[in-house]
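# Results of the structural survey
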Amino acid sequence: MGKKIWMVILFVVCSVGIVYTKPQTTYADISYVDAVEGNTQAGYHVVKISKSSMENDPMCKALQNALDEAKLYAAEDLKYKVIVEPGTYALSTCIHAYSNTYLSLQGVTFQHKNYSGNMFKIGDIGGDGDTVSGYHYKNITVDGGTWDGFGITSPIMKAAHAENVVIKNASLKNVKDSHVVEVAAINGFEVSGCTFSDQTASNEKKEALLANEVIQLDLLVQGHFSGYKYEALDMKNVVISNNIFNHVLRGVGSHTAYSKRSTDHVVIKENTFENVKSVAIECYNYTDCTISNNRMTECGRGIAVYAMRSNANGAFNAAATKGNELNAKTVITNNVISVKNTDTYPPTGISVEGLDLKAATQGTGEKTTAGNYYISGVSVLNNEINTPGHGIVLNDAYNSSVGNNKITGTTGSGSYYGISVDNASKGIQVTGNTIDKTGLNGILITGKSDAGLVAGNCVTNAGSNAVCVNSASVGTIKDNVLNQSGTCGIQLSTNAKCKKAISGNKITNANGRGIYIYDKSTVKAIDNNTIKGIKLQGINISSLKNAVSISNNNISKCKNHVIYIKTPTKYQVKLLNNQIKAVKNQNGIQVTAGQVRIEDNAISGANWPVSIEIGVKGEVGSNRYKGNVNNLAYIRGSRKSIRTAGLKKVVLKVSKTSKSIKLSWKKVKGASGYEIYRASSVNGKYKKIAEAGKKYQYTDKKVKAGRTYYYKVRAVSGDKKSKMRIFGTYSKAVKGSC
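Residues numbered from 1 in each chain as written. Predicted model: local features only at pLDDT ≥ 70, side-chain atom pairs only at ≥ 80, totals over all residues. Heavy atoms only, no water.

Time to look at the overall build of the protein. The number of helices and strands found in the protein is four helices and 72 strands. For 738 residues, the compact-globule estimate of 2.2 N^0.38 gives 27 Å, and the C-alpha radius of gyration of the protein, at 38 Å, exceeds that figure by more than 25%. Dimensions of the protein along its principal axes, counting C-alpha atoms only, are 120 × 85 × 45 Å. By residue count, 54% of the 738 residues in the protein fall in the buried class. Carbon and sulfur atoms make up 48% of the accessible area of the protein, which totals about 30600 Å². (Helix = DSSP H or I, 4+ residues; strand = E, 2+ residues; numbered from the N terminus. Rg over C-alpha atoms; globule rule 2.2 N^0.38 Å. Buried < 20%, exposed > 50% of the residue type's maximum accessible area, 1.4 Å probe, protein only. Areas by Shrake-Rupley, 256 points an atom, 1.4 Å probe, with all protein chains shown as cover.)

Across the two faces of strand β72 (residues 734-737) the burial differs, with Val734 and Gly736 buried and Lys735 and Ser737 not buried at all. As paired strands, strand β70 (residues 708-717) and β72 are joined by four bridges and run antiparallel to one another. In the strand pairing of β72, Tyr710 is matched with Lys735. (Pairing = 2+ DSSP bridges.)

Attention now moves to the nonpolar core. In terms of nonpolar packing, the biggest core is built from 156 residues, with Leu63, Phe110, Trp147, Phe189 and Ile215 touching the most fellow members. When residues in this core are grouped by element, the largest group, seven residues, is from strand β13 (residues 181-192). Ignoring sequence-local partners within four residues, the contact set of Ile215 consists of Val181, Phe189, Val191, Phe196, Ile240, Phe245, Gly251, Val252 and Gly253. By size, the runner-up hydrophobic cluster in this structure holds 19 residues, among which are Val650, Ala690, Ala715 and Cys738. (Core = buried A, V, L, I, M, F, W, Y, C linked by side-chain atoms within 4.5 Å. Contact = heavy atoms within 4.5 Å.)

Turning our attention to empty space enclosed by the protein. This model, assessed by the stated rule, comprises two cavities of 30 Å³ or more. Empty space within the largest cavity amounts to approximately 100 Å³. Of all the secondary structure elements, the ones that give two or more residues to the lining of the largest cavity are β15 (213-218) and β19 (257-258). Each residue belonging to the lining of the largest cavity can be placed in one class, and the counts come to eight nonpolar, five polar and three charged. Taken as a whole, the second largest cavity encloses approximately 60 Å³ of empty space. As for the second largest cavity, its lining consists of Phe120, Ile122, Ile140, Val142, Met157, Lys158, Ala159, Val165, Ile167, Val181, Val183 and Phe189. Among the elements of the structure, β8 (120-122), β9 (137-143), β11 (157-168) and β13 are those that each provide at least two residues to the lining of the second largest cavity. Among the elements that make up the lining of the second largest cavity, the one with the highest residue count is β11 (five residues). Looking at the lining of the second largest cavity, its residues break down into eleven nonpolar, no polar and one charged. (1 Å grid on protein atoms, 1.4 Å probe; cavity = no way out; pocket = protein on both sides within 12 Å on 5 of 7 lines; lining within 4 Å. Points joined across faces, edges and corners; volume = space filled by probe spheres on them. Nonpolar A, V, L, I, M, F, W, Y, C, P; charged D, E, K, R; others polar.)

Model confidence for the protein is summarised by a mean pLDDT of 91, while 93% of its residues fall at 70 or above. Across residues 1-27, confidence stays below pLDDT 50; counting only partners more than four residues off in sequence or on other chains, it has ten contacts. (pLDDT = per-residue confidence, 0-100.)

The volume enclosed by the largest pocket comes to roughly 430 Å³. As for the largest pocket, its lining consists of 24 residues, and the residues nearest its centre are Tyr306, Ser310, Tyr345, Glu353 and Asn395. For the lining of the largest pocket, the secondary-structure elements that each account for two or more residues are β23 (295-306), β27 (348-353), β28 (355-357), β32 (390-395) and β36 (419-422). Its residues assigned to classes, the lining of the largest pocket comprises eight nonpolar, nine polar and seven charged.

Along the chain, Tyr258 falls in strand β19. Every residue in contact with Tyr258, bar those within four places of it in the chain, is listed here: Leu219, Leu220, Val221, Glu231, Ala232, Leu233, Asp234, Asn285, Phe316, Asn317 and Ala318.

To continue, consider helix α3 (residues 61-73). Look at α3: 18 Å from first C-alpha to last across 13 residues, which is about the 18 Å you get at 1.5 Å a residue. Residues of α3 that are buried: Leu63, Gln64, Ala66, Leu67 and Ala70. Down the axis of α3, the buried set is contained in an arc of 155°. They therefore lie on one face. In α3, the exposed residues that point more than 90 degrees away from the buried face are Lys61, Leu72 and Tyr73. Those residues of α3 hidden inside the fold are in contact with β2 (44-49), α2 (51-55), β3 (79-84), β5 (95-97), β6 (101-104) and β7 (108-112). (Expected span 1.5 Å × (residues − 1). Arc of directions from axis to C-beta.)

To continue, consider unusual backbone geometry. Even without being glycine, Cys60 reaches a positive phi, approximately 50°. Tracing the sequence through the fold places Cys60 in the loop between α2 and α3. A positive phi angle is found at Asn577, which is not glycine, with a value near 60°. Within the secondary structure layout, Asn577 lies in the loop between β55 (572-576) and β56 (579-581). For Asn577, a relative accessible area of 32% puts it in the partly exposed group.

The next subject is the pattern of salt bridges. Going through the model one piece at a time under the given rule, you end up with 20 salt bridges. Taking the shortest distance from any N to any O, the salt bridge between Arg250 and Glu213 comes out at 3.7 Å. In this pair, Arg250 is assigned in strand β18 (residues 250-253) and Glu213 in strand β15, connecting sequence segments 37 residues apart. Comparing Arg250 with Glu213 shows no difference in burial state: the two are buried. Overlapping salt bridges, with partners in common, bring together Arg597, Glu599, Glu619, Glu675, Lys688, Glu691, Arg714 and Arg725 in one network. (Salt bridge = Lys/Arg side-chain N within 4 Å of Asp/Glu carboxyl O.)

Once that is clear, we can look at the sheet that holds strand β65 (residues 652-656). Spatially, the three strands line up as an open sheet ordered β65-β66-β69, and their pairing is antiparallel. Each of the sheet's edge strands pairs with one partner strand only, and the pair in question is β65 and β69 (697-700). Along the sheet, successive strands turn relative to each other by an average axial angle of 20°, direction set aside. As paired elements, β65 and strand β66 (residues 661-665) share five bridges and run antiparallel to each other. Residue Lys653 lies in a different strand from β66, and its bridge partner there is Ser664. (Axes fitted to C-alpha atoms, helices over the stretch in contact; angles between N-to-C directions.)

Taken as a whole, this structure holds 15 aromatic pairs when the rule is applied. Taken together, a centroid distance of 4.6 Å and an interplanar angle of 10° make the contact between Phe245 and Phe273 stacked. Linking Phe245 in strand β17 (residues 244-248) with Phe273 in strand β21 (residues 272-284), this pair joins segments that are 28 residues apart in sequence. Comparing Phe245 with Phe273 shows no difference in burial state: the two are buried. Taken together, a centroid distance of 6.2 Å and an interplanar angle of 65° make the contact between Tyr284 and Tyr306 edge-to-face. Remark: Tyr306 occurs in strand β23 and Tyr284 occurs in strand β21; sequence separation between them is 22 residues. Exposure remark for Tyr284: the relative accessible area of 1% places this residue in the buried category. Pairwise contacts between aromatic rings join Tyr89, Phe110, Phe120 and Trp147 into one cluster. Directly above the ring of Tyr686 sits Lys712, whose terminal nitrogen or CZ lies 4.6 Å from the centroid. (Phe/Tyr/Trp six-rings, centres within 6.5 Å; stacked < 30°, edge-to-face > 60°. Lys NZ or Arg CZ within 6 Å of the ring centre and 35° of its normal.)

Inspection of the secondary structure assignment puts Tyr634 in strand β63 (residues 633-636). In sequence terms Tyr634 and Tyr571 are 63 residues apart; their C-alpha atoms lie 22 Å from each other.

What follows covers a positive patch on the surface. Together, Lys506, Lys532, Lys557 and Lys581 give the surface a local cluster of positive charge. In this fold, Lys506 is placed in strand β47 (residues 506-508). (Patch = residues over 30% accessible without salt bridge, like charges linked within 9 Å, V, L, I, M, F, W, Y side chains within 5 Å. Lys, Arg positive; Asp, Glu negative; His and termini not counted. Charge placed at Lys NZ, Arg CZ, Asp CG, Glu CD.)

Moving on, we come to the state of the cysteines. Note on terminology: a disulfide is the covalent bond linking the sulfur atoms of two cysteines. A complete count under the given rule lists zero disulfides for this structure. We note that Cys299 lacks a disulfide partner, and the nearest cysteine sulfur, in Cys283, lies 14 Å from it. Cysteine Cys458 shares no disulfide, and the gap to the nearest cysteine sulfur, in Cys488, comes to 18 Å. (Disulfide = S-S within 2.5 Å.)

In structure tokens:
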């Protein structure tokens, strides 16, 4: 009975096809042992190269014969896969590969022996013997292998005029004074899972030798890239990912470019760069580029992105596909960068640079026409940078953003900045960055640049100013947290311009001033800032080219005058509704020159809450003085000083006649006159209609029967020759009609 049941189960299983089979290994990842010579499977025709055929033949004839066979017979629908048996082999010639070829080298080591030149090349043999043009060679993969250059002074691998080229899982090492992989004119180039190490220079202080990238994306320019037909054919669609670069000169990129063409669609991601003498990643005229999630440790520089290099170095001419400017459309994000001072350039985490070339110039490339080769459309976001030099530098950059980066520098390290925006950059946003320990300024906007917004940044331990705008402009500086700066929290100098406001910032423990405006700079408003623990003044306006309102700021524990004003009298400075807590023997508001209006401020702890020197114009309204040594405003006159605590509020009465409304009040001590204001509603806009001198009444005859009017009066005092006036508090509004 049991035997019959098992027979039924077996019959059912077989009839419905439920049969377990071992998963097949595709020929894209099959090993030498598992591969079958001559088989065609999964799109590959397999050719095996044995150890015995390779060990005693440094010319690698068996391997080259297989690659030559692929050159003749491989096709897109029947690619060749050449698999070399694991082993260590001397290589005394260059290996050449062609279209539709997959070279599998798992467990294979090639050692460069007794010849000069490359170890691997795509294309034909001969100095400039490869005469093909366009993206001629297609679908070529090098998978695995250790390529030991043994001090070779040429690139290990070289390729051009190709499409869909992949180098993966390989180890390339021991190259001197040269690139390791040099490519040009390839559409679709990928390097992944590789390790590059031990690239050296005979003179590490010579820039030309340090400029040898491990992977160079180059140009087919005569005298510059040999072995191929010269053609203005762009690199594009490049992916460099998951590689390790260790003890090398430079990592990935280009130090050459066509001045009016670009390398398009480049992704450099998830690579590790360790002990790189110069820059880890250098992009020259790249567009649609993403540089993300790379880790850089002990590198001379982290990432450099250029539209044009200094002195037009490395620029070559070709038929233009764009104008001078470079719309880079580049994102640099989530990279971790540690920089050291080993390059011929200043140590810098990330730089983004264009160049305004004032005259035709020939650098290390060809002569480049004059023009502004600015760079635009770059986003530098969420990177972490540790540097003894600059954090992030933008030169001649347009419409770009620097946001949410973490930059740690070294205090006292030299003339270095956390973030620098220079050389007429425009439309720059600097937001949400955290900066600690910089040689000089935390954030610097300079060189006739224009930053639309500096907001939400946290800057601590800046060697000089936390935020500095010098000979440049900014839209708004707001909501920044600035602590322990060596000089000022925020400084505007040398014709600097803040077009809107300095607002909502928290500034603490500056070794100079909290906010400092001088040398003919301009700002429209300074409001809602919290300023505390400043060694000198909380706010210092020493030179100004426009009227400014200073309002709703909370300022305390400044070791000098809390607010200091010294400006030209043609521009009015309004100080309104500020909360000021001074320290002993210092004044709350000190005005030595200019035109001011001081009203509704609460001032405590000062020697004089308000102190105004001869020649200052303007008015002091009703302020709240409490706990000062002298609860008085101190105004120097031409012959005597006026000391006033402010005038008492007028008590206003109203009466009427058939054609007028009569106002009257009692004399206010210290008043030299009175101002009368009128509105059409109790909460409406009050307009001054008259001044009453030392009289205590006023009759308004410009009224209409049947209409209701509202009035306020305030007392006025002042020495006319001092050019200052003191105002009391407005009376309560009273209603009148006739």
